[in-house]
Amino acid sequence: MAPEPTTLLQGTLDLLILRSLVTGEMHGLGISRRIEQITGGTFVVKPGSLFPALHRMEDEGWISSFWGDSENNRRARYYRLTKPGQRQLQAETQRWARISGAIAQALEAS
Amino acid sequence: MPFFVKVRSLFRNLFLFRSVESDLDEEVHAHLEMLKDESMGTGRPVKEAERTARIELGGIEQLKEQVRDERIGNWFHSVLSDCRFGLRQLRKNLGFTLISILALALGIGFSTTVFSIFYNGVLYPFPYRDAQRLTVIGIVDTQHNSERFREMYHLDEVAAFREQAQSLEDVVAYTGWDTLYSHQGTSEQVHGCVVTPNMLDFWGRAAASGPWNFPARC
């Protein structure tokens, strides 16, 4: 049984998008499905959250885009991770590790 | 590097707005089509697949607006758009524009005039003789590039001003003078002024009380 979709926590969408692009360039739908896949269906990113985030991250220089052909031969806009994006992913990963570690520690405390 | 990228994004969002918008429109429609393809891949009929895709995407214009809100320089672009819209509207209704500008000009001019008269005549009238002819004079040390008046003058200098000035009818001098006034066991700080004896003639006023007789030297 697939897990129930959960609302994304503040600041985690950027991390998930950056993480999904590590394996290579992808279009919006590909990123959305990849996030769904790597989180085991826990997070489903709707276009209303995905596209504003993609464009903001492109403005920040973390990802870049180009037009290409999709698997169904449709013209699609692809996104790829940039060097600053890789650094951002590292920073976000470390930040998230600290947060999740602290939360886990807090929950285990007696 | 990130700063340069942001500047480039800002430039693109502001000055290549049409191209950015066209790209966004194409991207959103391509996404819709891919959602439809995906849905049809699960065996849904075209109509049903299209409906499902539209539900997942949400409102196209709403989505585009959400993207615009996230763009760098969006607020600046909104201000520019509002200004352009305003100018277009003004140009479209030239008669209305001219009447508005005329009404504003007359209104501001009239208000300023009335307020000036009210301020000088009622709120803070300056009740002295020939108030419009009064001016302040002083000595400036131009050799030391100073723009400030010298602060102290000797009475002989004031007398010389009075005797030799050709553009001035009369000259008065004053300085601040604070003193402690003691009366019936209590004291009070009094803020006063030391003035040259021609002061009352100069202002065109009589002394409120007491004598006002001084040697005529200064």
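Data block above holds the structure.
All values derive from a computational prediction rather than experimental measurement.

**Student:** What am I meant to see in the overall build of chain B here?
**Tutor:** Secondary structure assignment for chain B yields eight helices and two strands. Taken from the N to the C terminus, the helices and strands of chain B come in the order α-α-α-α-α-α-α-β-β-α. Here chain B, with 218 residues, has 17% of them falling under the buried criterion. With the model as given, the accessible surface of chain B reaches about 16900 Å², and the carbon-plus-sulfur share is 60%.

**Student:** Please clarify how the packing of helix 2 (residues 17-41) of chain B against helix 4 (residues 60-70) of chain B should be interpreted in this entry.
**Tutor:** The geometry of a pair of packed helices is captured by two quantities: the angle between their axes and the separation between those axes. All names here are of chain B. Across the interface, helix 2 lies against helix 4 with an axial gap of 11 Å and an inter-helix angle of 130 degrees. In this view, helix 2 runs oblique relative to helix 4, as classed from their interaxial angle. Both helix 2 and helix 4 take part in a crossing whose hand is right-handed. Across from Glu21, Leu24, Asp25, Val28, His29 and Leu32 in helix 2, the residues of helix 4 making contact are Ile60, Leu63, Lys64, Val67 and Arg68. Here the contact of helix 2 with helix 4 is built from residues that sort into six nonpolar, one polar and four charged.

**Student:** Teacher, can you tell me more about the pattern of salt bridges here?
**Tutor:** If charged atoms from side chains of opposite charge come close, those side chains can pair. Applying the stated criterion to the full structure yields 29 salt bridges over all chains. Arginine 33 of chain A serves as the salt-bridge partner of glutamate 56 of chain B, at 3.2 Å between the closest nitrogen and oxygen. Of this pair, glutamate 56 of chain B sits in helix 3 (residues 46-57) while arginine 33 of chain A sits in helix 2 (residues 28-38), which puts the two residues in different chains. Exposure remark for glutamate 56 of chain B: the relative accessible area of 21% places this residue in the partly exposed category.

**Student:** Got a minute to help me understand the packing of aromatic side chains in this structure?
**Tutor:** Residues and elements named next belong to chain B. A complete count under the given rule lists seven aromatic pairs over all chains for this structure. Here phenylalanine 11 and phenylalanine 15 contribute two aromatic rings whose centre-to-centre distance is 5.0 Å and whose plane-to-plane angle is 45 degrees, an arrangement assigned as tilted. Taken together, the positions of phenylalanine 11 and phenylalanine 15, both in helix 1 (residues 2-15) and four residues apart, correspond to about one turn of that helix. Among the residues examined, phenylalanine 15 registers a relative accessible area of 58% and is labelled exposed. Considering the side-chain rings of phenylalanine 202 and tryptophan 203, the 5.5 Å spacing of their centres and the 85 degrees angle between planes classify their relative orientation as edge-to-face. For phenylalanine 202, a relative accessible area of 17% translates into the label buried. Of the residues examined, tryptophan 203 reaches a relative accessible area of 21% and is grouped as partly exposed. Members of the aromatic cluster, each reached through a chain of ring pairs, are Phe115, Tyr119 and Tyr124.

How each quantity is defined
Residues numbered from 1 in each chain as written. Chains lettered and ligands numbered in written order. Predicted model: local features only at pLDDT ≥ 70, side-chain atom pairs only at ≥ 80, totals over all residues. Heavy atoms only, no water. Helix = DSSP H or I, 4+ residues; strand = E, 2+ residues; numbered from the N terminus. Buried < 20%, exposed > 50% of the residue type's maximum accessible area, 1.4 Å probe, protein only. Areas by Shrake-Rupley, 256 points an atom, 1.4 Å probe, with all protein chains shown as cover. Axes fitted to C-alpha atoms, helices over the stretch in contact; angles between N-to-C directions. Parallel < 35°, antiparallel > 145°, perpendicular 65-115°, else oblique. Left-handed = near helix turned anticlockwise from the far one by under 90°. Contact = heavy atoms within 4.5 Å. Nonpolar A, V, L, I, M, F, W, Y, C, P; charged D, E, K, R; others polar. Salt bridge = Lys/Arg side-chain N within 4 Å of Asp/Glu carboxyl O. Phe/Tyr/Trp six-rings, centres within 6.5 Å; stacked < 30°, edge-to-face > 60°.

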